[in-house]
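If you want the building blocks of each chain, they are given just below.
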Amino acid sequence: MPLDPQLRDKIIASVEQGFGEQIAFTQAMIRFPSTRGAEHTIQDFVFRALADRGYAMDRFEMDRAAIENHPGGSPWSSEHSTAPIVVGIHRPREEKGRSLILQAHVDVVPAGPAEMWSHAPFDPVVEGDWIYGRGGADMKVGHAANIFAMDALRRIGLQPAATVYIQSVVEEESTGNGALMTHLRGYKADAVLIPEPEEEKLVRANVGVLWFQVEVRGHPVHVREMGAGANAIDAAYRVIGELRRLEADWNERKKGRPNFENEAHPINLNVGKIEGGDWASSVPCWCRLDCRIAIYPGTPAEEAAREIQERIANFSRTDAYFANNPPQVTFNGFHTEGYELAPGSDAEAVLAAAHQSATGSPLESFMTAGYLDARVYALYDKIPALCYGPISENIHGFDERASISSIKRITTAMALFIAEWCGVETA
């Protein structure tokens, strides 16, 4: 049943009433420089915010063994975050509606050189319709929207008539293990909504992601005799060339994939980091590449990893130097499969109606070529995984920002979705 128009109007007005507080809360979140491994303090902040609202609270560490034994787990490393996962639990007086997970991550990517930002990266400046800051769009505005969409119901004396889990995770930007840990902990619902910055659209398909390192060994000599040595950095470029050919081959496989075949370049390889050598006047004896590549939904991460290893091994046998000194490949982060959201679910229909009420426009869907935690719930919980969030610019870049008017619209849509999906009862 669609929401009663009077209730709909009350919810819309309630989001508006609390929106100033919501932006201030979002700014407080952005001020935490919560890069990988440094999320403990912001998780304490989230814990207190949820506890102060009366939610039942759970805070727990990741179980490395359980993650490593799960097919969706990504490799552990010394850089892996030790920050806890935080979950706030709303339990109704009577379970009459459909349960829901509202999930967000607090980890952010590094800011890069501060001088390349118009404002300090963790200074949440508001200018016109934009709120700036590293990790603001991706995804602290969405994190705050989870909390304030629920607040909007409470402000008018209502609460969901079903269990709602508000989950705050880490490791979204590097392994996806935080979301997987909530699954392993046993949290499950009838649907999940994740307000990543998705241009007010619903994600229909999402790629899987692999992180890997390629280490190349050279033969060091003084530069006056460099012809007698082997430059590992120069040799690494030959490996990159072969990886680009692999990328091109994988892009050719888009044919026959409805969510991908009309995309110009759905599979992207990124050589995100390169380091090597020890001395400007010595031929470098080592070089290490840190790479990221996408894979199509339905392709197991193990299968794609094996193809990368075989491709580099076969290439090495054709290279005069690598034939005797093959590069070493290590998988060290994301090791995740993609997913596709089948159309026609009740959850999508409810979100479409909520979006129409909040924005005045029909809900559109699209493919996004990055990692999303929604894969955990789509692949392993087998529930509708709705990833839908505000308009943004420059995520992972300089001057990352999110549209304030869009934040209000998606928060309104989320509050309307919660009320219809879960039902409501007196708070």
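Check the entry above for the structure.
I will try to describe carefully the structure that is included in this document. (Residues numbered from 1 in each chain as written. Predicted model: local features only at pLDDT ≥ 70, side-chain atom pairs only at ≥ 80, totals over all residues. Heavy atoms only, no water.)

1. A word on the nonpolar core
The criterion, for reference: Among buried residues, those of type Ala, Val, Leu, Ile, Met, Phe, Trp, Tyr and Cys that are joined through side-chain atoms within 4.5 Å constitute a nonpolar core. Between buried and exposed lies partly exposed: a residue is buried under 20% and exposed over 50% of the maximum accessible area for its type, with that area taken using a 1.4 Å probe on protein chains only. In this text, helices come from DSSP runs of H or I with a minimum length of four residues, and strands from runs of E with a minimum of two, each type numbered from the N-terminal end.
Counting residues in each nonpolar core, the largest one holds 84 residues, and the members touching the most others are L100, Y339, Y377 and F417. The element contributing the most residues to this core is helix 11 (residues 404-422), with 10 residues. Formed by 39 residues, the second largest nonpolar core is a distinct cluster that contains A236, V239, I295 and Y321.

2. A few points about the layout of surface pockets
Definition in use: Cavities and pockets are defined on a 1 Å grid built over the protein atoms alone: a cavity is a set of grid points where a 1.4 Å probe fits but cannot escape, while a pocket is an open set with protein on both sides within 12 Å along at least five of seven lines, and lining residues are those with an atom within 4 Å of any such point. Grid points are joined across faces, edges and corners, and a volume is the space filled by probe spheres set on the points. Residues are sorted three ways: Asp, Glu, Lys and Arg are charged, Ala, Val, Leu, Ile, Met, Phe, Trp, Tyr, Cys and Pro are nonpolar, and all the rest, Gly among them, are polar.
Here the largest pocket defines a volume of roughly 1400 Å³. Lining the largest pocket are 39 residues, with V109, E173, W211, F334 and H396 sitting closest to its centre. Listed by contribution, the elements that provide at least two residues to the lining of the largest pocket are strand 10 (208-217), strand 11 (269-276), strand 12 (286-295) and strand 13 (328-336). Taken together, the residues that form the lining of the largest pocket break down as 13 nonpolar, 13 polar and 13 charged.

3. Overview of the packing of aromatic side chains
Formally: Aromatic contacts are taken between Phe, Tyr and Trp rings whose centres are within 6.5 Å, Trp giving its six-membered ring; a plane angle under 30 degrees counts as stacked, one over 60 as edge-to-face, and the others as tilted.
Considering all chains together, one arrives at 13 aromatic pairs under this definition. A centroid spacing of 4.9 Å and a plane angle of 65 degrees characterise the contact between Y165 and Y187, whose relative ring orientation is edge-to-face. Taken as a pair, Y165 in strand 7 (residues 164-169) and Y187 in the loop between helix 6 (177-185) and strand 8 (192-194) lie far apart in primary sequence, 22 residues in all. The same class applies to Y165 as to Y187, namely buried. Here F334 and Y371 contribute two aromatic rings whose centre-to-centre distance is 4.6 Å and whose plane-to-plane angle is 35 degrees, an arrangement assigned as tilted. Placement of the pair is F334 in strand 13 and Y371 in the loop between strand 15 (365-368) and helix 10 (374-381), with a sequence separation of 37 residues. In this pair, the class of F334 matches that of Y371, namely buried.

4. Considering empty space enclosed by the protein
Across all of its chains, the model carries 1 cavity of 30 Å³ or more by this definition. Here the largest cavity defines a volume of roughly 40 Å³. As for the largest cavity, its lining consists of Y55, H90, M150, L153, R154, L158, Q159 and P160. Grouping the amino acids of the lining of the largest cavity by side-chain chemistry returns 5 nonpolar, 2 polar and 1 charged.

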